[in-house]
Amino acid sequence: MALIIADNIRKDYQVGDVVVHALQGVGFEIEPASFVSFVGPSGSGKTTLLNLIGCLDKPTAGTLTVADTDIARLDRKESAAFRGSHLGFIFQDFNLLPVLTVYENIEYPLLMVQNVPPAERKERIERLLDAVGMADQRDKYPDQISGGQKQRVAIARALVTHPALVLADEPTANLDSQTAYAVINLMKRMRDELATTFIFSTHDQKIVGEAEGIFRLEDGSIVAKEMKGGASHE
Amino acid sequence: MNNLFKIAVRNLLRYKRRTLLTASLITIGVVFVLVFTSVTGSFKAMMIGQITDSMLGHLQVHRKGYVASIDNLPLNLNIKPKAYQKLTEALKAAPEIAAFSPRLKFGGMFSNFTETTNIRLNGIYPDREFQTVPLLTSRISDGKKTLSRGEIMIPTLLAKGLKIKVGDTVVVVATNVDGSVNGKQFVVSGILESATGPGGRDGYLHIEDAAEVLRMPEAEISEVAVRLKDFSRLPAAVRHLEGQLAGEVNKEGHPIFEVHSWEQLSPFFNIARMIDVMTFFIKIMLIAIVLISIMNVMIMAVYERIREIGTIAAIGTLPGRILSMFVIEGFCLGVLGAIIGDIVGSAIVLIINVIGIRFDFAQQKGLLLTTTLAPSDLLVISAIVIVVAVLASLQPAFKASRMEPIAALRHV
């Protein structure tokens, strides 16, 4: 059973008097534990698609099922609860909370979204801190660490809730080449270890090269699909 | 909940200068209200104490209709001995009454044998009067602090005007209820400082001397001043006494007695009410200060953290929890301002007492203002600040909780 099933999705925006057709009849399926990238030029609709899959927006038409849930039917509160339990997010600008330490940023979704018991919380965070190589930086605040380190923390935060799906919007856009590769490898390793599906929206050829599935978008439509083979996960 | 407080406090510390400015503004408001409440409350309590404990008593009982004509001191509206007996029984049976003092009041002519003027006099049983209005003795500026038969205590303005000293002989002439005139010589035993309010310039003599001047075979009673064990229970005591005396009716079936608290007898009550109204408006100003400053700072906080709101909303934080985050931030700001305000306000009240501020009020000179700050005042004002801080945070917090994550994440 596919993790994501998109059927003839349309998304229109009203900008002043003009209707912008951001997505025009997009359809695809993504299997669990995939490492998939949406690529395309600016304005092609990849971020819009990611927002729809991320339950941050609703399609104008068509159906979108994520983890067996028709996300168009969810209200505001149900959407938040769904995101909290099924999805993880990695942002281009990392979006760590500046008043929380590295440890607390990773802890945030477990504490404020999922109410995970303290012992389990600690165990999960410690494991991810080690996995992303940030254990020795745990007490630092975001303004005390580098961009690459921030993105590693953001990855840990996205994965700590054991989501079925992690959505990453231009995750390497603000990183240098070496750090970007390290981050991509980290995400891939996490996918292998945790069987989490990663979906990216990117211009970055480094990610595109590493992705196992590529959906190329132009003017709101998928113009090409490229699958490199199955994911190697446990 | 602890984590929401932790995040709120850290966000407040993140903008230290703004937090400090807002807390300072709230502090200034709290200090102003506390000092004003303390000074005016203490002034009010002191003046009420002076009026009730040196003249009026906490409440008074009269024959029905007497108070309406009290300026004339009408002898025909005195309580007759038989009725007074019934009244005495009722007053003795009332558990809330600490002491009571019957008075025979009348107006007359007062002469030092060379000059004559008019005077209002109270015939009293000295021991009972001093128990009921214990500060009366503190008003005796010259002479002994007792009163025997054949002696009179006169107000200081009269003594100065007629150049009378303690030990001088004077004569009091009065018209009795039948219209005939009688006089009696007295020795001045004491000079009384004037006090604010009705009866503040009256003279005092023994009630049996008063009955003799008025040619009453047995003293009639114009009023009974009553002192309660607990002044704070005044309204309840008035109601209870009214209930007890309601059964005492005349032949026509009308009540014989009427009960008045000091508030109905002294014009200072209106000043006290004005002070209460001013205090109320000062509190309204405090509410406005807290409301505007907290709302302003919270609107700023929400505006500056739109992307953060978008992030936590995207992660799955429920709208109610986002609302709580900002409300708790406002709450913490209110608590901070209230605590600092309480400390500074209490310190200023203490300093006022150490300095010792004196003031004049009407005929009373050099009154020492002793300010006090009741814990209940601190609690009430702190509660007002905190509740208003929470209310002021609600609108910005609600706005934050209703933000669309996608729009918030796009915010630059």
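In this text the structure is predicted, and so the values were computed from the model without any measurement. (Residues numbered from 1 in each chain as written. Chains lettered and ligands numbered in written order. Predicted model: local features only at pLDDT ≥ 70, side-chain atom pairs only at ≥ 80, totals over all residues. Heavy atoms only, no water.)

Describing the overall build of chain A
The number of helices and strands found in chain A is seven helices and ten strands. Computed over C-alpha atoms, the radius of gyration of chain A comes to 17 Å, within 12% of the 17 Å expected from 2.2 N^0.38 for 234 residues, which places it in the range of a compact globule. Its C-alpha atoms put chain A at 50 × 40 × 40 Å along the principal axes. A burial count over chain A gives 54% of its 234 residues as buried. Look at the contacts in chain A between residues 6 or more apart in sequence, and 69% of them connect residues 24 or more apart. On chain A, roughly 9,600 Å² of surface is accessible, and the fraction owed to carbon and sulfur atoms is 48%. The centroid of the 24 positive side-chain charges in chain A is displaced by 2 Å from the centroid of its 32 negative side-chain charges. (Helix = DSSP H or I, 4+ residues; strand = E, 2+ residues; numbered from the N terminus. Rg over C-alpha atoms; globule rule 2.2 N^0.38 Å. Buried < 20%, exposed > 50% of the residue type's maximum accessible area, 1.4 Å probe, protein only. Contact = heavy atoms within 4.5 Å. Areas by Shrake-Rupley, 256 points an atom, 1.4 Å probe, with all protein chains shown as cover. Lys, Arg positive; Asp, Glu negative; His and termini not counted. Charge placed at Lys NZ, Arg CZ, Asp CG, Glu CD.)

Points about the interface of chain A and chain B
Contact residues are listed per partner, giving 28 residues for chain A and 28 residues for chain B. When residues of chain A are sorted by the area they lose upon contact with chain B, Arg 76, Val 99 and Met 112 of chain A head the list and together hold 29% of the total. Linking chain A with chain B are four salt bridges, by the criterion used here. The partner of Glu 104 of chain A in a salt bridge is Lys 6 of chain B, and the shortest N-O contact between them spans 3.3 Å. Across the chain A-chain B interface, the total number found is 14 residue pairs in polar contact (both at pLDDT 80 or more). Of the residues in the side of chain A that touches chain B, the class split is 16 nonpolar, five polar and seven charged. (Buried area = accessible area lost by both parts, 1.4 Å probe. Salt bridge = Lys/Arg side-chain N within 4 Å of Asp/Glu carboxyl O. Polar contact = N/O pair within 3.5 Å; in protein donor to acceptor, adjacent residues only side chain to side chain. Nonpolar A, V, L, I, M, F, W, Y, C, P; charged D, E, K, R; others polar.)

Considerations on the nonpolar core
All names here are of chain B. In this structure, Leu 59, Val 61, Phe 106, Phe 110, Ile 152 and Ile 154 are the most contacted members of the largest nonpolar core, which totals 66 residues. Ranked by residue count, the leading element in this core is helix H2 (residues 16-56), at seven residues. Lining this core are residues from two domains, each supplying at least three of them: domain 1 (2-51 + 270-410) and domain 2 (65-255). The contacts of Phe 106, once residues within four sequence positions are left out, are Leu 73, Leu 75, Ile 119, Arg 120, Leu 121, Val 172, Ala 174, Leu 205, Ala 210, Val 213 and Leu 214. Ranked by size, the runner-up nonpolar core spans 46 residues in total, among them Ile 282, Ile 306, Ile 328 and Cys 332. (Core = buried A, V, L, I, M, F, W, Y, C linked by side-chain atoms within 4.5 Å. Domains from an automatic or database assignment.)

Details of the domain arrangement of chain B
Parsing chain B into structural domains produces domain 1 (2-51 + 270-410) and domain 2 (65-255). Distance from the C-alpha centre of domain 1 of chain B to the C-alpha centre of domain 2 of chain B: 50 Å.

Regarding the confidence of the model for chain A
All names here are of chain A. Averaged over all residues, the pLDDT of chain A is 87; the fraction at 70 or higher stands at 97%. Per-residue pLDDT, averaged within each element of chain A, yields its smallest value for helix H7 (residues 205-210) (78) and its largest for helix H3 (residues 102-113) (93). Within the model, the stretch residues 230-234 combines pLDDT values under 50 with eleven contacts to residues more than four positions away or in other chains. (pLDDT = per-residue confidence, 0-100.)

Quick word on the packing of helix H9 (residues 268-304) of chain B against helix H11 (residues 319-355) of chain B
Two quantities define a packed helix pair, namely the angle between the helix axes and the distance between the axes. All names here are of chain B. Packing of H9 against H11 leaves a shortest axis separation of 11 Å and a crossing angle of 140 degrees. The angle between H9 and H11 falls in the class oblique. Like other packed secondary-structure pairs, H9 and H11 cross with a definite hand, here right-handed. Together, Ile 294, Val 297, Met 298, Ala 301 and Val 302 of H9 and Phe 326, Glu 329, Gly 330, Leu 333 and Gly 334 of H11 make up the contact between the two elements. When its residues are assigned to classes, the contact of H9 with H11 shows seven nonpolar, two polar and one charged. (Axes fitted to C-alpha atoms, helices over the stretch in contact; angles between N-to-C directions. Parallel < 35°, antiparallel > 145°, perpendicular 65-115°, else oblique. Left-handed = near helix turned anticlockwise from the far one by under 90°.)

With respect to the pairing of strand E1 (residues 4-15) of chain A
All names here are of chain A. One ladder, built from ten bridges, connects E1 with strand E2 (residues 18-30); its direction is antiparallel. Within E2, the residue paired with Ile 5 across the bridge is Glu 29. Adjacent in sequence and paired antiparallel, E1 and E2 are bridged by two residues, among which Gly 16 carries a positive phi angle near 65 degrees. Pairing of E1 with strand E4 (residues 61-66), which is carried by five bridges, proceeds in the antiparallel orientation. Residue Asp 7 lies in a different strand from E4, and its bridge partner there is Thr 63. (Pairing = 2+ DSSP bridges.)

With respect to unusual backbone geometry
Residues and elements named next belong to chain A. Even without being glycine, Ala 67 reaches a positive phi, approximately 50 degrees. Counting through the fold element by element, Ala 67 comes out in the loop between E4 and strand E5 (69-70). Of note in this structure, Asp 219 is not a glycine but carries a positive phi near 50 degrees. One can find Asp 219 in the loop between strand E9 (213-218) and strand E10 (221-227).

A few points about the packing of aromatic side chains
Under the defined criterion, the tally for this structure stands at eleven aromatic pairs over all chains. On the basis of an interplanar angle of 65 degrees and a centroid distance of 5.5 Å, the ring pair of Phe 28 of chain A and Phe 38 of chain A is categorised as edge-to-face. Placement of the pair is Phe 28 of chain A in strand E2 and Phe 38 of chain A in strand E3 (residues 35-39), with a sequence separation of ten residues. For the residue pair Phe 28 of chain A and Phe 38 of chain A, the accessibility class agrees, reading buried in each case. Aromatic side chains Phe 5 of chain B and Phe 331 of chain B sit 6.0 Å apart centroid to centroid with 75 degrees between the ring planes, which places their arrangement in the edge-to-face category. On the criterion of sequence distance, the pair formed by Phe 5 of chain B in helix H1 (residues 2-14) and Phe 331 of chain B in helix H11 is long-range, its members being 326 residues apart. What makes Phe 5 of chain B partly exposed here is its relative accessible area of 29%. Classification of Phe 331 of chain B as partly exposed rests on a relative accessible area of 29%. One aromatic cluster is present, formed by Phe 28, Phe 38 and Phe 215 of chain A through successive ring pairs. The ring of Tyr 15 of chain B carries the charged tip of Arg 18 of chain B above its face, separated from the ring centre by 4.4 Å. When the ring centre of Phe 186 of chain B is taken as reference, the NZ or CZ atom of Lys 184 of chain B above it lies at 5.6 Å. (Phe/Tyr/Trp six-rings, centres within 6.5 Å; stacked < 30°, edge-to-face > 60°. Lys NZ or Arg CZ within 6 Å of the ring centre and 35° of its normal.)

Quick notes on helix H12 (residues 375-401) of chain B
An ideal rise of 1.5 Å per residue puts 39 Å on 27 residues; H12 of chain B measures up with 37 Å between its terminal C-alpha atoms. Those residues of H12 of chain B that fall on the buried side of the exposure criterion are Ile 381, Ser 382, Ile 384, Val 385, Val 388, Ala 389, Ala 392, Ser 393, Pro 396, Ala 397, Ala 400 and Ser 401 of chain B. The elements touched by buried residues of H12 of chain B are helix H2 (76-86) of chain A together with H2, H9, helix H10 (306-315) and H11 of chain B. (Expected span 1.5 Å × (residues − 1).)

Here we look at the side chain of Thr 371 of chain B
Residue and element names in this part refer to chain B. Of note, Thr 371 is situated in the loop between strand E12 (364-369) and H12. A polar contact is formed between the side chain of Thr 371 and the backbone oxygen of Val 349, at a distance of 3.4 Å. Every residue in contact with Thr 371, bar those within four places of it in the chain, is listed here: Ser 38, Val 39, Ser 42, Val 349, Ile 352 and Asn 353.

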